[in-house]
Amino acid sequence: MSETFKAVIREEVDGQPVTRIRELGLADLPAHDVLVDVAYSTLNYKDGLAVSGKAPIARSLPMVCGVDLAGTIVESANSDYKPGDKVLVNGWGLSERHWGGYTQRQRVKSDWLVRVPDAFTLEQTMAIGTAGYTSMLCVLALEDHGITPDQGEILVTGAGGGVGSVAIALLSRLGYRVAASTGRAETHDYLKRLGASEIVDRATLSERGRPLDKERWAGAVDSVGSQTLATLLAQIKYGGAVAACGLAGGNDLPATVLPFILRGVSLLGVDSVMAPKAKRERAWQRLASDLDQGLLAEMTEVEPMSNIFALADKILAGQTRGRVVIDVN
Ligand code: NDP
């Protein structure tokens, strides 16, 4: 292993926070119990915010960016893990409170590790990444609420993005009829290939509507928030539920309580970052069994770490389609 390696690091230069790619040494890494030879990371919306500095994601500087990583263990002080084991980390505060995955080497806590399922290569786990694992958490939340395919259509918002794309592929494979809400006409064919049977113009959801609208959806996976979430809550069928995980359209919720108290609608909050290990392992097992790998390839592009600055701007502008794997080497 080389003495030095490259990382995307946010740090102060001349009193100003900047993000840049520079060389680090093993001695620079945090003192956690497992050293990983990182192969891939990913691009998520939060990574766009962190790299560009458009939101204060890093709680302290210097901070290596990247909320995900996948790679091979080089050294381990925990006997449950051995050199050569293939592992991944999603969240746990990477890029916020702990150094993250945009690096060729990283030390992480063994508590954070998920073993790479046999079904996947390291690259595929990062094609899924935090966005895709969050999609699975949303699907599990709807299933655990008792939503079944015979109850009606599921609406997926932010459909052309990472969470949305994986959610469509999963739900359609599981037998649900899926409607995809997007603002990009050029994604319509792509969304249909992933399994959407209906396209909804996102503009129809982002205008303030009636507090109770026509009952249309048995459930929804929402990565947009704000007026979109308020509108779709008003359109959920009696007893249905929305798995809410995102804020691509804003972090407010200009809704009324009427869907909850008159239709028994449930708002299911989904967090991936601090989800307990057992929940993560359940999600990854289900991804291994329920995600069509052909569709995963269809929604994924691989980019070198050197392109991270342009990619960060692109995801914040809502121009990324599906998932982006970051090849750190
Ligand atoms: P992407 O940028 O890949 O996808 C977001 C999509 O939302 C876009 O592709 C676009 O879809 C739509 N969108 C963007 N801006 C707006 C807007 N102003 N109004 C309406 N729709 C908009 O991001 P990710 O899929 O990685 O993440 C989606 C959201 O989920 C983010 O807010 C992210 O922070 C959150 N998230 C939360 C997690 C958690 O643990 N709770 C984990 C992972 C993600 P289209 O062009 O098709 O309309």
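Residues numbered from 1 in each chain as written. Predicted model: local features only at pLDDT ≥ 70, side-chain atom pairs only at ≥ 80, totals over all residues.

**A few points about the overall build of the protein**
A count of helices and strands for the protein gives 9 helices and 16 strands. Here the C-alpha radius of gyration of the protein, 20 Å, is about what a compact globule of 329 residues would show, namely 20 Å. When the 329 residues of the protein are sorted by exposure, 49% land in the buried category. Looking at the protein alone, contacts between residues at least 24 apart form 72% of all its contacts between residues at least 6 apart. (Helix = DSSP H or I, 4+ residues; strand = E, 2+ residues; numbered from the N terminus. Rg over C-alpha atoms; globule rule 2.2 N^0.38 Å. Buried ≥ 20, exposed ≤ 12 C-beta atoms within 10 Å, placed from the backbone. Contact = placed C-beta atoms within 7 Å.)

**Notes on the nonpolar core**
Counting 102 residues, the largest nonpolar core has Cys 138, Ile 154, Ala 167, Ile 168, Val 242 and Ala 243 as its most contacted members. Composition of this core by domain shows at least three residues from each of domain 1 (4–116 + 299–327) and domain 2 (131–269). With residues near it in sequence (within four places) discarded, Ile 168 still touches Val 156, Ala 159, Val 178, Ala 180, Leu 191, Leu 194, Gly 195 and Ala 196. (Core = buried A, V, L, I, M, F, W, Y, C linked by C-beta atoms within 7 Å. Domains from an automatic or database assignment.)

**Some words on the site of the ligand**
Close to the ligand lie 34 residues, the nearest being Gly 158, Gly 160, Gly 161, Thr 182 and Gly 246. The set of elements that each furnish at least two residues to the shell around the ligand consists of helix H1 (45–52), helix H2 (122–144) and helix H3 (162–173). The residue inventory of the shell around the ligand, partitioned by class, reads 11 nonpolar, 19 polar and 4 charged. (Near = placed C-beta within 6 Å. Nonpolar A, V, L, I, M, F, W, Y, C, P; charged D, E, K, R; others polar.)

**Some details on the domain arrangement of the protein**
If you check the domain split of the protein, you get domain 1 (4–116 + 299–327) and domain 2 (131–269). Computed from C-alpha atoms alone, the centre-to-centre distance between domain 1 and domain 2 is 29 Å. Its residues assigned to classes, the side of domain 1 that touches domain 2 shows 2 nonpolar, 5 polar and 2 charged.

**Here's the deal with the UniProt feature "domain: Enoyl reductase (ER)" (unreviewed entry) in the protein**
Under the present numbering, the feature "domain: Enoyl reductase (ER)" (unreviewed entry) in UniProt falls on residues 15–326. End-to-end, the C-alpha atoms of residues 15–326 are 29 Å apart, and along that stretch the chain is 30% helix and 27% strand. (UniProt positions renumbered as here; feature names shortened; annotations may be inferred.)

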